[in-house]
Amino acid sequence: MAVLELKDVTFKYQLAKETILENISFSIEKGEFVALVGRNGVGKTTLCSIMRGLIPTFHTGTMSGQVLLNGLDIGEMSIGDLALHIGFVFQNPFVQVSGVKQTVFEEVAYGLENLGVKRSEIIRRVEEMLHQLNIEHLRSKHPMQLSGGQSQRVALASVLVMDPEILIIDEPTSQLDPQGTEEVFETIRLLKERKKTIILVEHKVDWVAEYADRVIVIDDKHIVKDASASEVFSDPMILETGNNLPQVALLALRLLELGKVDFNKIPTTLDEAVEQLKGRADNGGN
Ligand SMILES: Nc1ncnc2c1ncn2[C@@H]1O[C@H](COP(=O)(O)OP(=O)(O)O)[C@@H](O)[C@H]1O
Ligand SMILES: [Mg+2]
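We now turn to the structure provided with this report.

Conventions and cut-offs
Counting starts from 1 at the beginning of each chain's written sequence and moves along it residue by residue. As they are written, the chains are lettered A onward and the ligands numbered 1 onward, keeping that order. Given that this is a predicted model, residues contribute local features only at a pLDDT of at least 70 and side-chain atom pairs are listed and counted only at 80 or more, while totals for whole chains, interfaces and linings are drawn from all residues. Side-chain measures were taken over the full set of non-hydrogen atoms in the model, leaving aside hydrogen atoms and water. Buried and open spaces are told apart on a 1 Å grid over the protein atoms alone, a cavity being a set of points where a 1.4 Å probe fits but cannot get out and a pocket being an open set with protein on both sides within 12 Å along at least five of seven lines. Residues with an atom within 4 Å of a point are the lining residues. Grid points are joined across faces, edges and corners, and a volume is the space filled by probe spheres set on the points. Each helix is a run of H or I in the DSSP string that is no shorter than four residues. Each strand is a run of E no shorter than two, and both are numbered from the N terminus. Three classes are used: nonpolar for Ala, Val, Leu, Ile, Met, Phe, Trp, Tyr, Cys and Pro, charged for Asp, Glu, Lys and Arg, and polar for all others, with Gly counted as polar. Fitted lines through C-alpha atoms give the axes, limited to the stretch in contact for helices. The angle between two N-to-C directions lies from 0 to 180 degrees. Less than a right angle of anticlockwise turn of the near helix away from the far helix marks a crossing as left-handed, whereas a clockwise turn marks it as right-handed. Note on definitions: a residue-residue contact is assigned when non-hydrogen atoms from the two residues lie within 4.5 Å. Only buried Ala, Val, Leu, Ile, Met, Phe, Trp, Tyr and Cys residues count toward a nonpolar core, and they belong to the same one when joined by side-chain atoms within 4.5 Å. With a 1.4 Å probe rolled over the protein chains alone, any residue whose accessible area is under 20% of its type maximum counts as buried; one over 50% counts as exposed, and the rest are partly exposed. Throughout the structure description, domain borders are defined by an automatic or database domain assignment. Counting of polar contacts relies on pairs of N or O atoms within 3.5 Å, with two restrictions inside protein: one atom must be capable of donating a hydrogen and the other of accepting it, and residues adjacent in sequence are counted only when both atoms are side-chain atoms.

### Section: the layout of surface pockets
Reported here for the largest pocket is a volume of approximately 640 Å³. Forming the walls of the largest pocket are 21 residues, and the residues nearest its centre are Ala-83, Phe-88, Gln-96, Val-159 and Met-162. Of all the elements in the fold, those that place two or more residues in the lining of the largest pocket are helix H2 (79-85), strand E6 (86-89), helix H4 (104-114) and helix H6 (148-160). If you tally residues by element for the lining of the largest pocket, the top one is H2, at five residues. Classifying every residue of the lining of the largest pocket gives twelve nonpolar, seven polar and two charged.

### Brief notes about the packing of H4 against H6
For the pair H4 and H6, the least separation of the axes is 7 Å and the interaxial angle reads 35°. Helix-helix and strand crossings are classified by hand; for H4 and H6 the assignment is right-handed. Across the interface between the two elements, Val-104, Glu-107 and Val-108 of H4 pack against Val-154, Ala-157 and Ser-158 of H6. By residue class, the composition of the contact of H4 with H6 is four nonpolar, one polar and one charged.

### Section: the nonpolar core
If you look at the biggest cluster of nonpolar residues, it comprises 51 residues, and the most contacted ones within it are Phe-33, Val-108, Val-126, Ile-169, Val-215 and Phe-233. Both domains that meet at this core, namely domain 1 (2-245) and domain 2 (246-286), each give it at least three residues. Once you skip the residues sitting within four places of it in the chain, Val-215 turns out to touch Ala-35, Val-37, Val-208, Lys-225, Asp-226, Ala-227, Ser-228, Ala-229, Val-232 and Phe-233. If you look at the next biggest cluster of nonpolar residues, it comprises 30 residues, including Leu-36, Leu-47, Met-51 and Ile-86.

### Notes on the side chain of Gln-276
With respect to the helices and strands, the residue Gln-276 is situated in helix H11 (residues 270-277). Residue Gln-276 is classed as buried on the basis of its relative accessible area of 13%. Separated by 3.2 Å, the side chain of Gln-276 and the backbone nitrogen of Asn-264 make a polar contact. At 2.6 Å, the side chain of Gln-276 and the backbone oxygen of Lys-265 are in polar contact. Excluding its chain neighbours within four sequence positions, the residues that come into contact with Gln-276 are Phe-263, Asn-264, Lys-265 and Pro-267.

Following this line, the structure appears as structure tokens:
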């Protein structure tokens, strides 16, 4: 059964002239890693808010359609109940910092404290999380005195420690350098190993192509493509939706155009490109 399902969701912000999203339907299975892509302002963050149940409760507007969490309509669940199932990581990790805690350890513990979890249990879960995200060395640091990458991991830890089955992560690498970006993607890969369901909004398509199972492309209020990362990023049409293609796919398309190399399929990851090109150097590739 789907963990999360949207059925024909249409939404219009109260003060807006037009709908922002129309007839959005998809379903996500447990353990899937789905990336959401689309140009700025297309409604990705809005869609995240819809999936978290913050719309139409928190942001006013008119919504039709249904969002089902494990088969139940989230319209009938409280925000608190939903928060137990769905963890949300903001685009800017500094927004996620509580501002009331003096150390990373206490910061990560904060959500569990609010739930009234026993102290011994909190310590056990926080320790486990610091270990899993490789931030044990940051435990005594002030949460406001971290680098972007460190802060990102602390923000993830403070959400993951709650052990939600679904994670919605909105542009977590927008302010990170390549190393920080890789760390975030590696963290997400670990989550996937732990069977978490992940929905990621991300512009860096090279990384998405390497890591995500599936990509949903939104353009002009609608889902215009919903397929495997490999299928989505080998389709040049994606360039018309305000998204880039991975560098290897762009290179392959260019070579095809020049009539230099024939591909069975446009590669979307480095490994795939190497696999397809390997051997050609031997048979006259000059
Ligand atoms: N509370 C709101 N009221 C009216 N319009 C909004 C509100 N929040 C966002 N919008 C508008 O909805 C559009 C989509 O925003 P958003 O979901 O943040 O897009 P994305 O995350 O894809 O960049 C933007 O044009 C934005 O200005
Ligand atoms: Mg956004």
